[in-house]
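# A look at the structure
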Amino acid sequence: MPYRDLTRNSIRGLITLTTVTPHLRFFFQLSGPEKTARGHIFRATNRVMDSEKEASREEIADSPLFKGDEALRLDKVIIPITAAVYFTQFLDKTSLNYASIMGFPVTGQNYNLVSMAFYLGFIVWEFPTVYIAQKLRLGKYLGVNVIIWGIVLLCHAFANSFHAFFALRFILGMCESCVSPILISIISMFYRKNEQGIRIAYFYAMLGFTQVFGGFVAYGISFYNGGAMAPYKIVYYLLGGLAILVGILVLVCLPDSPVNAWILTEEERIASLERVRDDQGGTENRKFKKEQVIETLLDVRTWLIVLATMLTDIPSGGLTNFSNIIIKNFGYTSRQTLILATPSGIVEVISVVVCGYYSDKKGERMLPVIYATLPTLLGVALMIGFNDSGQKGVLLFGSYLIGSFGSTLSTIYAYNASNTSGYTKKLTINALTMVFFCVGNIIGTEIFQPKDAPAYIPGKAAIMVLLSAQIGVAYLLRHINVKLNIKRRAIIEGIKREKGWTDDDVQKEKSVVHSPT
């Protein structure tokens with residue numbers, strides 16, 4: 001069939017399907033920079049039909065983009081930029097951890113409150129920022145936020161009081177609250193479900209790299225004698241400047257959706273939409289749909305994801321800001337601590353990438369959560385059991401094992417991307433995830449109390465209890481999804497028998513018989 005006829009039929013099919021079920025309309029009510037994506041597609045289609053170029057369906061199907069052969073062309077742009085954003089975000093978020101042993105002027109309970117301020121700003125602004133993001137182009141909105149938080153980081157170098165640091169950390173949290181929902185939405189618009197887990201892992205693995213990079217940078221700065229300014233101020237100058245550069249890169253280069261991706265030709269944009277259509281994940285849509293919000297809130301799996309997020313991020317909130325302090329209390333100097341803390345980041349990178357690959361390869365989302373949590377439980381147990389032994393090597397080994405559970409939130413992100421249909425619904429569950437990410441981190445800043453120093457045994461015991469509960473929640477969520485998938489397959493098999501359909505027929509009618517998960 002000529003490509004122009006294929007395109008015409010594809011567009012006609014897309015339009016027809018919008019009337020089939022309200023659950024699918026989100027996919028076709030797309031938006032571009034000026035008008036809806038439907039307008040973009042029609043204009044691209046007309047230009048293709050006016051040209052003399054023809055290609056068969058087989059030729060289009062053989063396209064690497066259409067077949068999804070790792071979507072290498074997309075990867076060359078989207079993955080490095082999303083990774084750079086996440087690298088910058090986590091480096092900025094953990095800057096307080098480095099500053100805490102480099103002359104930071106706020107200590108004790110006030111330090112806990114400054115740490116908490118970031119998450120307060122995050123939680124206050126999460127739903128407003130998701131709503132605003134849906135009305136604007138995602139890449140541009142993200143880029144502006146990155147530049148603003150870079151400026152806020154620079155301002156940290158000029159602050160000198162608790163109140164100033166609290167306010168700056170609050171604003172920083174507001175600016176960074178849009179990152180994960182936008183990155184997950186962009187990944188889910190460009191990639192199929194079985195491609196999303198590893199690609200989310202690619203940018204999430206930056207959390208581990210930031211620990212390595214930040215540790216060595218802080219180690220280098222620690223040799224500065226502090227004659228002109230306190231060492232922690234240099235950290236904020238460097239991180240603020242880096243964030244501004246990354247923000248400019250996002251503004252210029254990050255595609256918002258397949259509809260306006262500058263790295264694709266008009267024909268390839270259509271092919272890109274076609275290849276993710278069966279996943280029913282939705283693409284950019286500026287209409288806020290109340291019914292999708294209600295559907296999300298009434299789904300028990302939403303609240304299990306919320307609970308899993310909290311159980312992950314209460315420990316994370318404490319360790320993010322206290323890990324260096326804990327290692328220093330093993331009996332090391334501040335300078336030694338900066339280097340000795342870096343292997344934990346390497347463990348986290350390995351865990352994130354391996355779990356992301358396994359998640360896509362096996363079609364599993366919750367089993368990797370369980371696998372990644374077990375080494376962390378062992379690590380915390382070692383730090384409690386050998387606390388007074390004087391065996392620094394065992395204590396360090398335990399602290400490194402803790403890095404394995406860093407992949408948990410990455411897998412939850414992948415779950416949200418691949419198991420949620422509808423653009424508004426996807427943004428809603430991502431926003432809920434990030435709100436309770438903040439709640440968990442806020443609680444986490446309080447589990448390591450100054451009165452429990454230097455061992456912080458109650459805080460470590462709390463981490464063991466929380467992560468044990470996490471394993472139970474992950475298993476329950478997997479059990480529910482397995483049951484739903486069995487039921488769905490039974491419905492499909494019944495329709496196949498009734499109508500005499502083949503598997504190919506089911507694929508063509510998938511939008512009708514497949515309810516979103």
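One can find the structure itself at the top, above this paragraph.
Everything quoted here is computed from the prediction, not taken from an experiment. (Residues numbered from 1 in each chain as written. Predicted model: local features only at pLDDT ≥ 70, side-chain atom pairs only at ≥ 80, totals over all residues. Heavy atoms only, no water.)

## Considering the packing of aromatic side chains
The full count for this structure, using the stated rule, is 21 aromatic pairs. Both rings, one in Phe122 and one in Phe437, keep their centres 5.5 Å apart while their planes meet at 55 degrees; by these two values the pair is tilted. One end of the pair, Phe122, is in helix α8 (residues 108–135); the other, Phe437, is in helix α23 (residues 423–444), with 315 residues separating them in the sequence. Each of the two residues, Phe122 as well as Phe437, counts as buried. An angle of 85 degrees between the planes, with centres 5.1 Å apart, marks the rings of Tyr219 and Phe223 as edge-to-face. Exposure remark for Tyr219: the relative accessible area of 27% places this residue in the partly exposed category. Owing to a relative accessible area of 48%, Phe223 belongs among the partly exposed residues under this scheme. Feature note: the residues Phe104, Tyr111, Phe165, Tyr232, Tyr236, Phe322, Phe448 and Tyr456 constitute an aromatic cluster, connected by ring pairs. In this arrangement the basic side chain of Arg335 is found over the ring face of Phe223, its NZ or CZ atom lying 3.9 Å from the centre. (Phe/Tyr/Trp six-rings, centres within 6.5 Å; stacked < 30°, edge-to-face > 60°. Helix = DSSP H or I, 4+ residues; strand = E, 2+ residues; numbered from the N terminus. Buried < 20%, exposed > 50% of the residue type's maximum accessible area, 1.4 Å probe, protein only. Lys NZ or Arg CZ within 6 Å of the ring centre and 35° of its normal.)

## Structural notes on unusual backbone geometry
Here the residue pair Ala453 and Pro454 is connected by a cis peptide bond, since its omega of 5 degrees sits within 30 degrees of zero. Structurally, Pro454 is set in the loop between α23 and α24 (457–499). Residue Tyr456 is not a glycine yet carries a positive backbone phi of 55 degrees. Structurally, the position occupied by Tyr456 is in the loop between α23 and α24. We classify Tyr456 as buried; its relative accessible area is 6%.

## Comments concerning the state of the cysteines
The tally for this structure, following the rule as stated, stands at zero disulfides. No disulfide involves Cys178; its sulfur sits 7.9 Å from that of Cys175, the nearest cysteine. (Disulfide = S-S within 2.5 Å.)

## Details of the environment of Thr302
Mapped onto the elements of the fold, Thr302 is located in helix α17 (residues 300–328). Considering only alpha carbons, one finds Thr302 and Leu432, 130 residues apart in sequence, at a separation of 8.5 Å. Residues in contact with Thr302, not counting those within four places in the same chain, are Thr296, Ile429 and Leu432. (Contact = heavy atoms within 4.5 Å.)

## Observations concerning helix α19 (residues 342–362)
Between its first and last C-alpha, α19 extends 31 Å over 21 residues, near the 30 Å set by a 1.5 Å rise per residue. Taken residue by residue, α19 has Thr342, Ser344, Gly345, Glu348, Val349, Ser351, Val352, Cys355, Gly356, Ser359 and Asp360 as its buried positions. Tucked into the core, α19 has its buried residues touching α12 (193–204), α13 (206–221), α18 (334–340), α20 (367–385), α21 (392–401) and α22 (407–418). (Expected span 1.5 Å × (residues − 1).)

## A few points about the nonpolar core
Ranked by internal contacts, the top residues of the largest apolar core, which has 121 residues, are Tyr86, Phe104, Leu142 and Phe203. For Phe104, the contacting residues outside a window of four places in its chain are Leu96, Ala99, Tyr111, Phe165, Tyr232 and Tyr236. (Core = buried A, V, L, I, M, F, W, Y, C linked by side-chain atoms within 4.5 Å.)

## Focus on the packing of α20 against α22
It is at 9 Å that the axes of α20 and α22 come closest, and there the two elements cross at 175 degrees. Accordingly, the angle class assigned to the pair α20 and α22 is roughly antiparallel. Contacts between α20 and α22 involve Pro368, Val369, Ala372 and Thr373 from the former and Ser407, Thr408 and Thr411 from the latter. Of the residues contributing to the contact of α20 with α22, the split by class is three nonpolar, four polar and no charged. (Axes fitted to C-alpha atoms, helices over the stretch in contact; angles between N-to-C directions. Parallel < 35°, antiparallel > 145°, perpendicular 65-115°, else oblique. Nonpolar A, V, L, I, M, F, W, Y, C, P; charged D, E, K, R; others polar.)

## Some remarks on the packing of helix α6 (residues 72–93) against helix α14 (residues 231–253)
The contact between α6 and α14 brings their axes to 10 Å, and the two run at 150 degrees. Between α6 and α14, the crossing angle belongs to the class labelled roughly antiparallel. Taken as a pair, α6 and α14 cross one another with a handedness that is left-handed. Taken together, the residues of α14 that come into contact with α6 (itself represented by Val77, Ile81, Ala84, Val85, Phe87, Thr88, Leu91 and Asp92) are Leu239, Leu242, Ala243, Val246, Leu249, Val250 and Cys253. Across the contact of α6 with α14, the residue classes tally to 13 nonpolar, one polar and one charged. (Left-handed = near helix turned anticlockwise from the far one by under 90°.)

## Describing a nonpolar patch on the surface
Residues Leu245, Ile248 and Val252 make up a contiguous nonpolar surface patch of roughly 310 Å² in combined accessible area. The residue Leu245 is located in helix α14 in this model. (Patch = residues over 30% accessible without salt bridge, like charges linked within 9 Å, V, L, I, M, F, W, Y side chains within 5 Å. Areas by Shrake-Rupley, 256 points an atom, 1.4 Å probe, with all protein chains shown as cover. Salt bridge = Lys/Arg side-chain N within 4 Å of Asp/Glu carboxyl O.)

## Things to note about empty space enclosed by the protein
Evaluated as defined, the whole model comprises five cavities of 30 Å³ or more. Taken as a whole, the largest cavity encloses approximately 600 Å³ of empty space. Taken together, 38 residues make up the lining of the largest cavity; nearest its centre are Phe90, Gln211, Leu319, Thr320 and Glu348. For the lining of the largest cavity, the element with the highest residue contribution is α17, accounting for nine residues. Within the lining of the largest cavity, the residues separate by chemical class into 18 nonpolar, 17 polar and three charged. (1 Å grid on protein atoms, 1.4 Å probe; cavity = no way out; pocket = protein on both sides within 12 Å on 5 of 7 lines; lining within 4 Å. Points joined across faces, edges and corners; volume = space filled by probe spheres on them.)

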